[in-house]
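The chain contents come next:
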Amino acid sequence: MPAPTTTGGLTLPRIGFGTAALKGQHGARTIAEALRAGYRLIDSAFNYENEGAVGAGVRSSGVPRDEVIVTSKLPGRHHAHDAAIAAIEESVYRTGLDHLDLYLIHWPNPSQGRYVEAWEALIEARERGLVRAIGVSNFLPEHVDRLVEATGVVPAVNQVELHPYFPQADQRADDASRGIVTEAWSPLGRASEVLQDPVLVRIAEGHGASVPEVILAWHARLGVVPLPKATAPERQQQNLAAIDLELTDADVEAIASLARPDGRNNDQDPAVYEEF
């Protein structure tokens, strides 16, 4: 699969590196190691409280800055225009970098209903050179409709939860119809059950690979950019290599059969959601 390119011409790697919970010196070191291993897309967020570690990791990695796509996200509590601008500026200052490459609205926060205002702030931040490209996270088609109707600007990226139990076929199709690149947070699922699924274990054994490798290869086959997190160097390397694992059509059909109506693992507490 070719590397996905956004509507604005930003070419994304076929796999990125998630940084939630990676903080401080350990986080900066882990991020630097990931960059040296070959990752070029780093995903963070204002709410992860680790933008400083991300910037430190980028600077200490030895990888040229223009080769790295650094992402962060605007929290739901800062959707008012001026608050959004200040939050974006703060994200840039926290990293210690001169700009961010991709900035997303972390979620639409529909009860507040100010995500169009937030989007206008992201557009302004892009025009000012604070960020190179802008997008959204956890947005449904109707939310994207409102952004486009109000501003005419289509998000470059929509980052959503996506894994074999929750393949998001309709959302992926809608994103693709607009030229939006779909990224996957929690690509390996939010609990252990998916990693022990008999169908995935069988496919992995057939390829002499691990289940995580099969899942990440499946994302790549769908044209989705997964954002796994791995602190161990060997896991980082395995995840990178997974993108080149070639699944058969039968493998992909078998994985498609795993989709569940609510997208949850059976052992996952339905009250547990990511902090946005």
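Residues numbered from 1 in each chain as written. Predicted model: local features only at pLDDT ≥ 70, side-chain atom pairs only at ≥ 80, totals over all residues. Heavy atoms only, no water.

A. Quick peek at the packing of helix α7 (residues 198-207) against helix α10 (residues 249-256). At their nearest, the axes of α7 and α10 sit 10 Å apart, and the two run at 165° to each other. Considering their axes alone, α7 and α10 lie roughly antiparallel with respect to each other. Here α7 runs over α10; the crossing is left-handed. Where α7 approaches α10, its residues V199, L200, R202, I203 and H207 are matched on the opposing element by D251, A254 and I255. Of the residues in the contact of α7 with α10, the class split is five nonpolar, one polar and two charged. (Axes fitted to C-alpha atoms, helices over the stretch in contact; angles between N-to-C directions. Helix = DSSP H or I, 4+ residues; strand = E, 2+ residues; numbered from the N terminus. Parallel < 35°, antiparallel > 145°, perpendicular 65-115°, else oblique. Left-handed = near helix turned anticlockwise from the far one by under 90°. Contact = heavy atoms within 4.5 Å. Nonpolar A, V, L, I, M, F, W, Y, C, P; charged D, E, K, R; others polar.)

B. Quick peek at the nonpolar core. Core analysis: the biggest nonpolar cluster contains 66 residues, and Y103, W119, L122, V131, L200 and L247 have the highest contact counts within it. Sorting elements by how many residues they give to this core places helix α4 (residues 115-127) first, with eight residues. Here W119 is in contact with I105, I134, G135, V136, L147, T151, V153, V154 and P155, once residues within four sequence places are set aside. In this structure, L10, L102, L104 and V225 belong to the second largest nonpolar core, which totals 12 residues. (Core = buried A, V, L, I, M, F, W, Y, C linked by side-chain atoms within 4.5 Å. Buried < 20%, exposed > 50% of the residue type's maximum accessible area, 1.4 Å probe, protein only.)

C. Main features of the pattern of salt bridges. This model, assessed by the stated rule, comprises 15 salt bridges. Between D145 and R178 there is a salt bridge, and its shortest N-O distance comes to 2.7 Å. One end of the pair, D145, is in helix α5 (residues 141-151); the other, R178, is in helix α6 (residues 169-178), and 33 residues separate them in sequence. R178 gets classed as partly exposed once you look at its relative accessible area, which sits at 22%. The partner of R221 in a salt bridge is D249, and the shortest N-O contact between them spans 2.3 Å. (Salt bridge = Lys/Arg side-chain N within 4 Å of Asp/Glu carboxyl O.)

D. Geometry of the sheet that holds strand β3 (residues 69-74). Pairing is parallel across the open sheet formed by eight strands, whose spatial order is β1-β2-β3-β4-β5-β6-β7-β8. On the outer flanks of this sheet lie β1 (17-18) and β8 (225-226), each paired with one strand and no other. Inspection of the sheet shows strand β7 (residues 181-185) paired to β8 by two bridges, in the parallel sense. Bridge pairing links E183 to V225 in β8. Contacting β3, β4 (100-105) and β5 (131-137), α4 crosses the sheet at an angle of about 160° to β5. (Pairing = 2+ DSSP bridges.)

E. Examining the pairing of β4 more closely. β4 sits mainly inside the fold: six of its six residues count as buried. In this structure, β3 lies alongside β4, joined through four bridges in parallel fashion. In the sheet register, K73 faces β4, and the bridge partner there is L104. For the crossover that starts at β3, traverses helix α3 (residues 81-95) and ends in the parallel β4, the hand is right-handed. As paired strands, β4 and β5 are joined by five bridges and run parallel to one another. Paired with I105 across the bridge in β5 is V136. (Right-handed = clockwise from strand over helix to strand, strands pointing away.)

F. Fine view of helix α9 (residues 233-242). Among the residues making up α9, those that are buried are Q236, N239, L240 and A242. Projected down its long axis, α9 carries its buried residues within an arc of 160°, all on one side. The inward-facing, buried residues of α9 contact β1, α1 (24-37) and α8 (211-222). (Arc of directions from axis to C-beta.)

G. Representation of α6 in the model. Listing the buried residues of α6 in full gives Q171, R172, D174 and D175. Each buried residue of α6 sits inside an arc of 165° when the element is viewed along its axis, so together they form one side. Seen from the buried face of α6, the exposed residues on the opposite side, beyond 90 degrees, are D170, A176 and S177. The inward-facing, buried residues of α6 abut α5, β6 (157-161), β7 and α8.

H. Structural view of the environment of A169. Structurally, the position occupied by A169 is in helix α6. Its relative accessible area of 44% is what places A169 among the partly exposed residues. Sequence spacing of A169 and A20 is 149 residues, and the spatial spacing of their C-alpha atoms is 25 Å.

I. Broad picture of the confidence of the model for the protein chain. For the protein chain, per-residue confidence averages 94 on the pLDDT scale, and 95% of positions sit at 70 or higher. The model gives residues 265-276 a pLDDT under 50, and that stretch makes 31 contacts with residues more than four places away or in other chains. (pLDDT = per-residue confidence, 0-100.)

J. The arrangement of the side chain of H99 in detail. With respect to the helices and strands, the residue H99 is situated in the loop between α3 and β4. A polar contact of 2.6 Å, which involves the side chain of H99, links it to the side chain of D98. In contact with H99, not counting residues within four places along its chain, are R65, V92, G129, L130 and R132. (Polar contact = N/O pair within 3.5 Å; in protein donor to acceptor, adjacent residues only side chain to side chain.)

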